[in-house]
Amino acid sequence: MTSQVIAPNEDTFVKFEKKFKALADQKRLEILHLIQQHHSLCVCDLAEHIDMPQSKLSYHLKQLLDAGFLNVEKKGTWNYYSINNEGINEVLSPALCCLFRNEESC
């Protein structure tokens, strides 16, 4: 994997603000973990694991989807969610870290 340099501009900061806001919630972190463990889950399956109404769960899934952390695939009447590795790796990447380190540290 090669790290790409991220341009430090307003769009970049807005994009990562959205990503970190999505991660700054204990329930959303738990949802990501559950999906990762099961590889793919629908809202009905997640509702069994998390004590939360389906409407609220759908709200959290939308936040994670909009931040780029999830993929969604429609199967019949259900949406199945899986981890978007590219989206997760982006916030864990050396490229992002380089926005906050001196160039010689990258």
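Residues numbered from 1 in each chain as written. Predicted model: local features only at pLDDT ≥ 70, side-chain atom pairs only at ≥ 80, totals over all residues. Heavy atoms only, no water.

Q: How should the pairing of strand S3 (residues 78-83) be read in this particular structure?
A: Successive side chains on a regular strand alternate, one facing one side of the sheet and the next facing the other. Examined bridge by bridge, strand S1 (residues 41-42) and S3 share two bridges and lie antiparallel to one another. Counted as the bridge partner of cysteine 42 is tyrosine 80 from S3. Connecting strand S2 (residues 70-75) to the next strand, S3, in antiparallel fashion are two residues, including glycine 76 with a positive phi near 65°. (Pairing = 2+ DSSP bridges. Helix = DSSP H or I, 4+ residues; strand = E, 2+ residues; numbered from the N terminus.)

Q: Is there a simple way to explain the packing of aromatic side chains in this structure?
A: We describe a pair of aromatic rings using the distance from one ring centre to the other and the angle between the two ring planes. Summed over the entire model, instances satisfying the criterion amount to one aromatic pair. Judged by centre distance (6.4 Å) and plane angle (35°), the ring pair of phenylalanine 16 and phenylalanine 20 falls under tilted. Pair noted here: phenylalanine 16 and phenylalanine 20 are both in helix H1 (residues 10-23), with a separation of four residues, about one helical turn. Residue class for phenylalanine 16 comes out buried when judged on its relative accessible area of 5%. (Phe/Tyr/Trp six-rings, centres within 6.5 Å; stacked < 30°, edge-to-face > 60°. Buried < 20%, exposed > 50% of the residue type's maximum accessible area, 1.4 Å probe, protein only.)

Q: What's the story with the pattern of salt bridges in this structure? I'm lost.
A: Proximity of charged atoms lets side chains of opposite charge pair with each other. For the structure shown, the criterion picks out five salt bridges. Two residues, lysine 21 and glutamate 17, come together in a salt bridge whose shortest N-O distance is 3.5 Å. You can see lysine 21 and its partner glutamate 17 sitting in helix H1, four residues apart, about one turn around the helix. Of the charged contacts in the structure, one is a salt bridge between aspartate 66 and lysine 62, with a shortest N-O distance of 2.8 Å. (Salt bridge = Lys/Arg side-chain N within 4 Å of Asp/Glu carboxyl O.)

Q: It is not clear to me how the side chain of lysine 19 should be interpreted in this structure. Could you clarify?
A: Counting through the fold element by element, lysine 19 comes out in helix H1. Leave out the neighbours within four places in its chain, and lysine 19 touches Ala67, Gly68, Phe69, Gly87, Glu90 and Val91. (Contact = heavy atoms within 4.5 Å.)

Q: Would you take a moment to explain the state of the cysteines for this structure?
A: Put plainly, a disulfide is one covalent bond tying together the sulfur atoms of two cysteines. Inspection of the entire model under this criterion finds one disulfide. Between the sulfur atoms of cysteine 42 and its disulfide partner cysteine 44 the distance amounts to 2.3 Å. Given an S-S torsion of about -55°, the disulfide between cysteine 42 and cysteine 44 has left-handed geometry. (Disulfide = S-S within 2.5 Å.)

Q: How should the packing of helix H2 (residues 26-38) against helix H4 (residues 54-66) be read in this particular structure?
A: Geometrically, a packed helix pair is captured by the angle between its two axes and the distance between the axes. At their nearest, the axes of H2 and H4 sit 10 Å apart, and the two run at 80° to each other. The orientation of H2 with respect to H4, classified from their angle, is roughly perpendicular. Across from Lys27, Arg28, Ile31, Leu32 and Ile35 in H2, the residues of H4 making contact are Leu57, Tyr59, His60, Leu61, Gln63 and Leu64. Each residue belonging to the contact of H2 with H4 can be placed in one class, and the counts come to seven nonpolar, two polar and two charged. (Axes fitted to C-alpha atoms, helices over the stretch in contact; angles between N-to-C directions. Parallel < 35°, antiparallel > 145°, perpendicular 65-115°, else oblique. Nonpolar A, V, L, I, M, F, W, Y, C, P; charged D, E, K, R; others polar.)

Q: Would you mind showing me how to read the sheet that holds S1 here?
A: Within a sheet, each strand pairs with its neighbour through backbone hydrogen bonds, oriented either parallel or antiparallel. Within the open sheet, the three strands sit side by side as S1-S3-S2. Their pairing is antiparallel. Across the chains shown, the open sheet's two edge strands, defined by having one partner strand only, are S1 and S2. In this structure, S2 lies alongside S3, joined through six bridges in antiparallel fashion. From the neighbouring strand, glutamate 73 faces S3, where its bridge partner is tyrosine 80. Lying over the sheet, H2 contacts S1, S2 and S3, oriented at roughly 90° with respect to S3. Packed on one face of the sheet, H4 meets S2 and S3 and runs near 125° to S2.

Any link to function would need more than the numbers given here.
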